[in-house]
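Structural characterization, general
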Amino acid sequence: MTFPAVTVALSILLAFGYGRYLRTREPVFCRSTGAGSGSSLWGFALGGVAGAVITFELGLSGGPFGSATGPEAAPTIGMEVVTAFFVEAGFTGVMLCGDGRVNERTVSSPAASSP
């Protein structure tokens, strides 16, 4: 279960690195953010596959446990799927495909854009 920890830590690191690039315009931060985005994509893909396997595994082998905890566990798993997959996939798509297409004021903080 290291994929969630790795992707969360890497996404925070990428956000700080890209913010630093927007403030300083030093190319080393842009290159490091670009190199880390590929690793983030692999972490997201592997985490999604592992999450799908675990969800099916719990559903298939849960038997009596699933019938006893279904009303509580099912909404929680549903919320996890929506937040982890759709939101993370949306942000990953913007991160990978939105470079140069998203307005710079959208991704930078007000303090970073002040002179």
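Check the entry above for the structure.
This section reports on the structure supplied with the text.

Rules used throughout
- Residues numbered from 1 in each chain as written.
- Predicted model: local features only at pLDDT ≥ 70, side-chain atom pairs only at ≥ 80, totals over all residues.
- Heavy atoms only, no water.
- Helix = DSSP H or I, 4+ residues; strand = E, 2+ residues; numbered from the N terminus.
- Buried < 20%, exposed > 50% of the residue type's maximum accessible area, 1.4 Å probe, protein only.
- Contact = heavy atoms within 4.5 Å.
- Areas by Shrake-Rupley, 256 points an atom, 1.4 Å probe, with all protein chains shown as cover.
- Phe/Tyr/Trp six-rings, centres within 6.5 Å; stacked < 30°, edge-to-face > 60°.
- Lys NZ or Arg CZ within 6 Å of the ring centre and 35° of its normal.

A few points about the overall build of the protein
The helix and strand inventory of the protein stands at five helices and zero strands. Reading the secondary structure of the protein in the N-to-C direction produces α-α-α-α-α. Across the 115 residues in the protein, those meeting the buried criterion constitute 15%. Relative to all contacts within the protein whose residues are 6 or more apart in sequence, the contacts with residues 24 or more apart total 71%. For the protein, the accessible surface area stands at approximately 8,300 Å², while carbon and sulfur atoms represent 71% of it.

Concerning the packing of aromatic side chains
As enumerated under the stated definition, the model contains one aromatic pair in all. Ring geometry for Tyr18 versus Tyr21: centroids 5.9 Å apart, planes at 40°, classification tilted. On the criterion of helical spacing, the pair formed by Tyr18 and Tyr21 is a turn pair, its members being three residues apart in helix α1 (residues 3-24). Using a relative accessible area of 25% as the deciding quantity, one classes Tyr18 as partly exposed. Assessed through its relative accessible area of 18%, Tyr21 is described here as buried. The aromatic ring of Tyr21 is capped on one face by Arg25, whose charged end is 5.5 Å from the ring centroid.

A look at unusual backbone geometry
Backbone geometry at Arg25 places phi at a positive 60°, although glycine is not the residue there. Note that Arg25 resides in the loop between α1 and α2 (27-61). On the basis of relative accessibility, which here comes to 41%, the residue Arg25 falls in the partly exposed class.

Note that every value here comes from positions in space, so none of it alone points to a role or purpose.
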